[in-house]
Amino acid sequence: MESNQLLSVAEEFGCPLYVYDAAKIQSQYNRLTNAFAKVEKLQINYAVKALSNLSVLKLLKKMGSGLDTVSIQEVQLGLHAGFSPERIIYTPNGVSLDEIEEAAALGVQINIDNLSILEQFGAKHPQTPVCIRINPHVMAGGNSNISVGHIDSKFGISIHQLPHILRIVENTKMRINGIHMHTGSDILDIEVFLYASEILFDTAKHFTDLEFIDFGSGFKVPYKKGDIETNIEELGRKLTKRFLAFEKEYGRPLTLAFEPGKFLVSEAGYFLAKVNVVKQTTSTVFAGIDSGFNHLIRPMLYGSEHYIENISHPKGKERFYSVVGYICETDTFATNRRITEIKEGDILSFRNAGAYCFTMASNYNSRFKPAEVLWMDGKAHLIRKRETMEDILRNQVEIEI
Ligand SMILES: Cc1ncc(COP(=O)(O)O)c(C=O)c1O
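Please read all numbers here as calculations on a predicted model, not as lab measurements. (Residues numbered from 1 in each chain as written. Predicted model: local features only at pLDDT ≥ 70, side-chain atom pairs only at ≥ 80, totals over all residues. Heavy atoms only, no water.)

K.L.:
What's the story with helix α1 (residues 3–13) in this structure? I'm lost.
P.N.:
Each α-helix winds once per 3.6 residues, and so residues spaced three or four apart point in a common direction. Regarding α1, the residues found buried are Ser3, Leu6, Leu7, Val9 and Ala10. All buried residues of α1 fall inside an arc of 160 degrees around its axis, so they share one side. Relative to its buried face, α1 has exposed residues pointing more than 90 degrees away, namely Asn4, Glu11 and Glu12. Those residues of α1 hidden inside the fold are in contact with β1 (17–21), β11 (269–280), β13 (308–310), β16 (347–350), β17 (371–376) and β18 (379–384). (Buried < 20%, exposed > 50% of the residue type's maximum accessible area, 1.4 Å probe, protein only. Helix = DSSP H or I, 4+ residues; strand = E, 2+ residues; numbered from the N terminus. Arc of directions from axis to C-beta. Contact = heavy atoms within 4.5 Å.)

Shown next as structure tokens:
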């Protein structure tokens, strides 16, 4: 989106504010489906955890997407948004058997990632089709928080435990209809991803009832000009070729599934915040904004570097600023960043604010969560109201003291 469009949205709805560009979500969706156009049965299941606003879910539904969910609440949100249960895959980690049974009762595709639950679920519900999440032990990229396929990761059933999986399947007579992996976010090298895919193909051969193979996600998107990104087009060419060959070997057509979050929504999002104070110390110029890690925690949690622009004065002279929040803890968004000259009252725009931003927001310091706006067909639509004091008080139970 252009700076002047963002500025007008900030003027209309106030700051802090999340703005999502529907056209960018559509173009990313098209990019992915075009890259795999030669696959007859392609299924994109958007990862709800990235950005779970109902209007965004409905937008993705209209594009033809299914959903990847990790909690029973995300399943319920997806159903509420109008997705049919068959278009929802449920891939939890560390949840109880009860929650998995609850999701299965709703008719969504179950994906199990540990032997204990696999055995218990198989014994009780042998007729319910189940997908198995394999951990191929491949480190595809990213830092230790977002890379989940490595040997020490808690996610998935280790590929070394395949004999154990097969024994459970044989004993319970359960039906395995899918094989899944998710190696983690920020895939830098597609060859590593393809290597992990070979492990998945080898595993798939052991199951005769498969309907789909789910390759997860983790596609890296650029945060600034020149940044490395996953080459989706090249991955599309190489994986399609291999997948079509595997289908022949397997003897039946299968669905190729992905579950992207970041790839679809990261670049579509902008976080807009107002500069409350410009504070010059002996060593630094701070720009203090009307937000903090209660609204955007990724820089502090993952060290992610969101590109920051002064959209009130985009053409000014550049200076160095440390952009900080108003939380009573150190909450630094950027250190000594080159930004056009900032005056108090200016609006800063943070890029790549679509994925894992609003969904990680909290009420820390008893602050309200920001409003959300969807920019669609040249118009701004409010899709979540800014919170009020009522929201802060809603579930508190006041007792006589
Ligand atoms: C199981 C699973 N699938 C998909 C995703 C989406 O990953 P990304 O946002 O990198 O596309 C995640 C992210 O954590 C995940 O845990």
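From this point on, the discussion continues.
K.L.:
When you look at the UniProt feature "binding site: substrate" (unreviewed entry) in the protein chain in this model, what are you seeing that I'm missing?
P.N.:
As recorded in UniProt, the feature "binding site: substrate" (unreviewed entry) lies at Arg298, Tyr302, Glu329 and Tyr356. Mapped onto the elements of the fold, Tyr302 is located in helix α11 (residues 298–302). Along the chain, Glu329 turns up in the loop between β14 (318–324) and β15 (332–340). Owing to a relative accessible area of 42%, Glu329 belongs among the partly exposed residues under this scheme. Once residues within four sequence positions are removed from consideration, Glu329 is found in contact with Phe293 and Tyr364. (UniProt positions renumbered as here; feature names shortened; annotations may be inferred.)

K.L.:
Even after reading the chapter, I still don't get the packing of aromatic side chains, so can you show me in this structure?
P.N.:
Given two aromatic rings, their pairing is described by the distance between the two centres and the angle made by the two planes. On inspection of all chains with the given rule, the structure shows 16 aromatic pairs. Centroid distance Phe271 to Phe350: 5.8 Å. Interplanar angle 55 degrees. Geometry classified as tilted. You can see Phe271 sitting in strand β11 and its partner Phe350 sitting in strand β16, a full 79 residues away along the chain. The burial state of Phe271 is the same as that of Phe350; both residues are buried. The positively charged end of Arg242 is found above the aromatic ring belonging to Phe201, 4.7 Å away from the centroid. The lysine or arginine in question, Arg367, covers the ring of Tyr326, its NZ or CZ lying 4.0 Å from the ring centre. (Phe/Tyr/Trp six-rings, centres within 6.5 Å; stacked < 30°, edge-to-face > 60°. Lys NZ or Arg CZ within 6 Å of the ring centre and 35° of its normal.)

K.L.:
What is the right way to look at the nonpolar core in this model?
P.N.:
Across soluble globular proteins, nonpolar side chains have a tendency to be buried as a group. Residues Tyr46, Ile165, Phe215 and Phe350 are the most contacted members of the largest nonpolar core, which totals 103 residues. For this core, the element with the most residues is helix α8 (residues 190–204), which contributes eight residues. If we ignore the near neighbours within four places in the chain, the residues touching Phe350 are Gly269, Tyr270, Phe271, Ala273, Ile289, Leu296, His306, Tyr307, Ile308, Val323 and Phe333. (Core = buried A, V, L, I, M, F, W, Y, C linked by side-chain atoms within 4.5 Å.)

K.L.:
Sorry if this is basic, but what is going on with the pairing of β17 here?
P.N.:
Each regular strand shows side chains that alternate between the opposite faces of the sheet. Among the six residues that make up β17, five are buried, leaving the element largely enclosed by the rest of the structure. Where β17 meets β18, five bridges bridge the pair, whose relative direction is antiparallel. What sits directly across from Val373, in β18, is Leu382. In this antiparallel pair of consecutive strands, β17 and β18, the connection spans two residues, and Asp377 shows a positive phi of 50 degrees. (Pairing = 2+ DSSP bridges.)

K.L.:
How should I be thinking about the pairing of strand β5 (residues 109–112) in this particular structure?
P.N.:
Of the two faces of β5, the one carrying Gln109 and Asn111 and the one carrying Ile110 and Ile112 are both buried. Taken together, strand β4 (residues 88–90), helix α5 (residues 97–105) and β5 constitute a β-α-β crossover, and its handedness is right-handed. Bridge analysis of β5 against strand β6 (residues 130–135) gives three bridges, and the strand direction is parallel. Within β6, the residue paired with Ile110 across the bridge is Val130. On the question of chirality, the crossover connecting β5 to the parallel β6 by way of helix α6 (residues 115–124) is right-handed. (Right-handed = clockwise from strand over helix to strand, strands pointing away.)

K.L.:
Is there a simple way to think about the side chain of Thr172 in this case?
P.N.:
Looking at where Thr172 falls in the secondary structure, it is placed in helix α7 (residues 162–172). A distance of 2.8 Å separates the side chain of Thr172 from the backbone oxygen of Ile168, its partner in a polar contact. Excluding residues that lie within four positions of it along the chain, Thr172 makes contacts with Glu119, Gly122, Ala123 and Pro126. (Polar contact = N/O pair within 3.5 Å; in protein donor to acceptor, adjacent residues only side chain to side chain.)

K.L.:
I would appreciate a short explanation of unusual backbone geometry in the present structure.
P.N.:
Most peptide bonds take the trans configuration, and most residues that are not glycine carry a negative phi. Across the junction of Cys15 and Pro16, the peptide omega takes the value -5 degrees, indicating a cis bond. Among the structural elements, Pro16 can be located in the loop between α1 and β1. A positive phi angle is found at Asn336, which is not glycine, with a value near 45 degrees. Mapping Asn336 onto the fold places it in strand β15. Residue Asn336 is classed as partly exposed on the basis of its relative accessible area of 43%. At Ser366, a residue that is not glycine, the phi angle is positive and equals roughly 55 degrees. Relative to the elements of secondary structure, Ser366 occurs in the loop between β16 and β17.

K.L.:
What is the right way to look at the domain arrangement of the protein chain in this model?
P.N.:
The figure often quoted for interface size is the accessible area lost as the parts come together. Taken domain by domain, the protein chain consists of domain 1 (22–265) and domain 2 (269–389). Using only C-alpha atoms to locate each centre, domain 1 and domain 2 end up separated by 32 Å. Of the residues lining the interface, 18 residues belong to domain 1; the matching set on domain 2 comes to 20 residues. Taken over both partners, the interface formed by domain 1 and domain 2 buries close to 1600 Å², and the fraction arising from carbon and sulfur atoms is 53%. Counting the surface domain 1 buries against domain 2, the share from its top three residues, Ala22, Asn53 and Tyr223, is 34%. Between domain 1 and domain 2 we count zero salt bridges in total. The tally of links from domain 1 across to domain 2 stands at eight residue pairs in polar contact (both at pLDDT 80 or more). Looking at the side of domain 1 that touches domain 2, the elements that each hand over two or more residues are α3 (54–63) and α10 (262–265). The biggest single contributor to the side of domain 1 that touches domain 2 is α3, with three residues. Of the residues assigned to the side of domain 1 that touches domain 2, the class counts are 10 nonpolar, five polar and three charged. (Domains from an automatic or database assignment. Buried area = accessible area lost by both parts, 1.4 Å probe. Salt bridge = Lys/Arg side-chain N within 4 Å of Asp/Glu carboxyl O. Nonpolar A, V, L, I, M, F, W, Y, C, P; charged D, E, K, R; others polar.)

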